[in-house]
Amino acid sequence: MEEILKVIELQRKYFASGKMRDFKERRKTLKRLRKNILSMQNEIYDALYKDLGKSECESYMTEVGLSLAEIRYMLRHGKSYSKKRRVMLSLSQFPSKGYKMPVPYGCTLIISPWNYPFMLSIEPIVDAVTAGNSVILKPSEYSPNVSKVLTKLIGMTFERGHVDVINGGVEECSYLLDQDFDYIFFTGSTRVGKIVMQKASEHFTPVTLELGGKCPCVVDKTANLKLTARRIVFGKFLNSGQTCVAPDYVYCQEGIKDELIKHITAEIENQYKDSLNNEDYPRIVNLKQFSVMKGFIDNGEVIYGGKCDQEKLKIEPTLLDSNFESETMQDEIFGPILPIVTFKEVDEAIGNIKSYPKPLALYIFSADKKIQKRFIEECDFGGGCVNDTIMHITDPKLGFGGIKQSGMGAYHGKVGFDTFTHYKSLTKKGKFDLPFRYQPFNKLKYKIIKLFLK
Ligand code: NAD
């Protein structure tokens, strides 16, 4: 723990040195990060394979590629975001100039999970560094190979005190959370999110919480079922279902259930042939998670799949016949198990979704624009797609974050820059003075004040 205190002290000194006030310096580090990621690609793929069995293509698409895209975006826009902006003030301020001045929070703590251990560490670092902060990263103990690569990459890229890595588990993370950071950015479970928020409140530290939850995937009777199935299978079984925005369950209208299952089954066979032996199909992160998933299968009504290989920690893409009382419907699944639940009427479906905690994502597959609009407007959720899954998180321009139980705050692109930025509001005054605000007040001053402020 002494090491942690030393690193924090170093970070405070580094931040106070003011080196990162100049955007040119931030740009240099972003460029170096990009160069080093590219030169270490094979080590990154190797680590992701060791920790999660991810193929190179999936690793590029969902981890390395997205991180590079965020760096590219910030290299393009970061300078403009970092500028002090003139604001036209109201007449009551005359004569004065107004400004909004973006300033970094200072020493920030970023805590990341194991499921996309590279991307979910690098993307918030990119946003934090673009905004001029220093960062301590605490990666997950459940993806140790990626943590090792991250430690090397960050050591090669950033000066000590600017971005540092503290490895460890719950004990180290709790200790970090007891310290006084200027901002905490946490990605992980709702359970730990609550602990983070409690601890942060001790120091009045602002937080962003990127959490999880049960993301509904609604399919109504007008949907194009073949395309729907294809996109559901893509979003659900990517990373073996260990994705915070994966469709947690399919909520389909009665009458199309059998047809939809037929198409989903065909798509699984198409995209994940012989999944237990398929090198491109990731594994479950550890035996504990594997056992939870196996329990769902053993206690559920399997429609398709259900085979498991404990030695390889792999589980087939599995469909379960379910309802809201089923075991799988009580909490976030976070694995390759897809319950199919049905509804009769749209009102019933919206009512049920609203009775659950607010999800991180919602997907609505429908050809009917009025139905699409109802789900989008009446349900609360972090973000989502109409007639697709997951794709809303891939563009930095859209921003990404949850709501209430699925999180607070957001990042990616400009939203990410804003997350790690405090905007100082400033007015600059000249000598000329309008005297009516000063005591002693009289009727005329009161009248003038009322004229300006209404
Ligand atoms: P987790 O909450 O168990 O762990 C996340 C981090 O918190 C890890 O670094 C871990 O070391 C630390 N931690 C764990 N227990 C702690 C404690 N008691 N005190 C202090 N720190 C603690 O989450 P996970 O299992 O790594 O990740 C899976 C969860 O993350 C899922 O719920 C998933 O939905 C969510 N998630 C959300 C997003 C998002 O962007 N919203 C992305 C990925 C994952």
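Cut-offs used in this document
Residues numbered from 1 in each chain as written. Predicted model: local features only at pLDDT ≥ 70, side-chain atom pairs only at ≥ 80, totals over all residues. Heavy atoms only, no water. Pairing = 2+ DSSP bridges. Helix = DSSP H or I, 4+ residues; strand = E, 2+ residues; numbered from the N terminus. Contact = heavy atoms within 4.5 Å. Axes fitted to C-alpha atoms, helices over the stretch in contact; angles between N-to-C directions. Buried < 20%, exposed > 50% of the residue type's maximum accessible area, 1.4 Å probe, protein only. Right-handed = clockwise from strand over helix to strand, strands pointing away. 1 Å grid on protein atoms, 1.4 Å probe; cavity = no way out; pocket = protein on both sides within 12 Å on 5 of 7 lines; lining within 4 Å. Points joined across faces, edges and corners; volume = space filled by probe spheres on them. Nonpolar A, V, L, I, M, F, W, Y, C, P; charged D, E, K, R; others polar. Phe/Tyr/Trp six-rings, centres within 6.5 Å; stacked < 30°, edge-to-face > 60°. Patch = residues over 30% accessible without salt bridge, like charges linked within 9 Å, V, L, I, M, F, W, Y side chains within 5 Å. Areas by Shrake-Rupley, 256 points an atom, 1.4 Å probe, with all protein chains shown as cover. Salt bridge = Lys/Arg side-chain N within 4 Å of Asp/Glu carboxyl O. Lys, Arg positive; Asp, Glu negative; His and termini not counted. Charge placed at Lys NZ, Arg CZ, Asp CG, Glu CD. Near = heavy atom within 4 Å. Sits in = over half its atoms within 2 Å of the grid points. Parallel < 35°, antiparallel > 145°, perpendicular 65-115°, else oblique. Left-handed = near helix turned anticlockwise from the far one by under 90°.

Colleague: Quick one: what's the story with the sheet that holds strand β3 (residues 107-111), residue by residue and with numbers?
Modeller: If you walk across this open sheet you meet the 6 strands as β5-β4-β3-β6-β7-β17, and the pairing is mixed. Every other strand in the sheet has two partners, leaving β5 (163-165) and β17 (407-408) as the edge strands with one partner each. Relative to β5, strand β4 (residues 134-138) runs parallel, the two sharing 3 bridges. Among the inter-strand pairings, Val-135 is bridged to a residue of β5, identified as Val-163. The strands touched by helix α1 (residues 2-16) within the sheet are β3, β4 and β5, with β4 carrying the most contacts at an inclination of about 155°.

Colleague: Help me get a handle on the pairing of β3, residues and values and all.
Modeller: Along a regular strand, successive side chains alternate from one face of the sheet to the other. The element β3 is largely enclosed, with a buried count of 5 among its 5 residues. Residues of β3 alternate between two faces, with Cys-107, Leu-109 and Ile-111 on one and Thr-108 and Ile-110 on the opposite face, all of them buried. As paired elements, β3 and β4 share 5 bridges and run parallel to each other. Across the sheet, the residue bridging to Thr-108 is Val-135, located in β4. Of the crossover connections in this fold, the one passing from β3 over helix α5 (residues 119-130) to the parallel β4 is right-handed. For β3 and strand β6 (residues 183-187), the ladder comprises 4 bridges, and the chain directions are parallel. Paired with Thr-108 across the strands is Tyr-183, a residue of β6.

Colleague: Requested: an account of the environment of Lys-369, with residues and values cited.
Modeller: Here Lys-369 lies in helix α13 (residues 369-378). For Lys-369, a relative accessible area of 67% gives the class exposed.

Colleague: Explain the layout of surface pockets to me, using residue names and the numbers behind them.
Modeller: Of the volumes computed, that of the largest pocket is approximately 1400 Å³. Lining the largest pocket are 49 residues, with Gly-188, Ser-189, Thr-190, Arg-191 and Val-192 sitting closest to its centre. Elements with a contribution of two residues or more to the lining of the largest pocket: α7 (170-178), β6, α8 (190-201) and α11 (287-299). A volume near 330 Å³ is recorded for the second largest pocket. Those elements that provide at least two residues to the lining of the second largest pocket are α1 and β2 (96-104). For the lining of the second largest pocket, the element with the most residues is β2, which contributes 4 residues. Grouping the constituent residues of the lining of the second largest pocket by class yields 9 nonpolar, 7 polar and 6 charged.

Colleague: Can you lay out the packing of aromatic side chains for me, pointing to particular residues and giving the numbers?
Modeller: Each aromatic ring pair is characterised by the separation of its centres together with the angle its planes make. All chains considered together, the criterion is met by 18 aromatic pairs. Taken together, a centroid distance of 5.6 Å and an interplanar angle of 50° make the contact between Tyr-183 and Phe-420 tilted. Here Tyr-183, found in strand β6, pairs with Phe-420, found in the loop between α14 (413-419) and β18 (421-429); they are 237 residues apart in sequence, far enough to count as distant. The exposure class assigned to Phe-420 is buried, which follows from its relative accessible area of 0%. Between Phe-436 and Phe-452 the ring centres are 5.1 Å apart and the planes differ by 15°, which places this aromatic pair in the stacked class.

Colleague: Could you give me a rundown of the pairing of β4, with the residues and numbers involved?
Modeller: Burial runs high along β4: 5 of the 5 residues are buried. Taking every second residue as pointing to the same face, both faces of β4 are buried, with Ser-134, Ile-136 and Lys-138 on one and Val-135 and Leu-137 on the other. With helix α6 (residues 144-157) bridging β4 and its parallel neighbour β5, the resulting β-α-β unit is right-handed.

Colleague: Explain a positive patch on the surface to me, using residue names and the numbers behind them.
Modeller: A contiguous patch of positive charge, built from Lys-24, Lys-79, Lys-83 and Arg-85, is present on the exposed surface. Structurally, Lys-79 is set in helix α4 (residues 56-81).

Colleague: With reference to specific residues and values, describe the site of the ligand.
Modeller: Not every one of the 28 residues close to the ligand is listed here, only the nearest: Lys-138, Glu-141, Ser-189, Leu-211 and Glu-332. Out of a free accessible area of 840 Å², the ligand has 92% covered by protein chains. One can see that the ligand is located within the largest pocket. Listing elements by their share of the shell around the ligand, those giving two or more residues are α7, β6 and α8. Per element, the largest residue contribution to the shell around the ligand is 4 residues, and it comes from α7.

Colleague: Outline the packing of helix α2 (residues 23-39) against α6, listing residues and values.
Modeller: Here α2 crosses α6 at 135°, and the two axes come no closer than 9 Å. Taken as axis vectors, α2 and α6 run oblique relative to one another. Relative to α6, the crossing made by α2 is right-handed. Of the residues in α6, those touching α2 at Thr-29, Arg-32, Leu-33, Asn-36 and Ile-37 are Leu-153, Met-156 and Thr-157. The residue inventory of the contact of α2 with α6, partitioned by class, reads 4 nonpolar, 3 polar and 1 charged.

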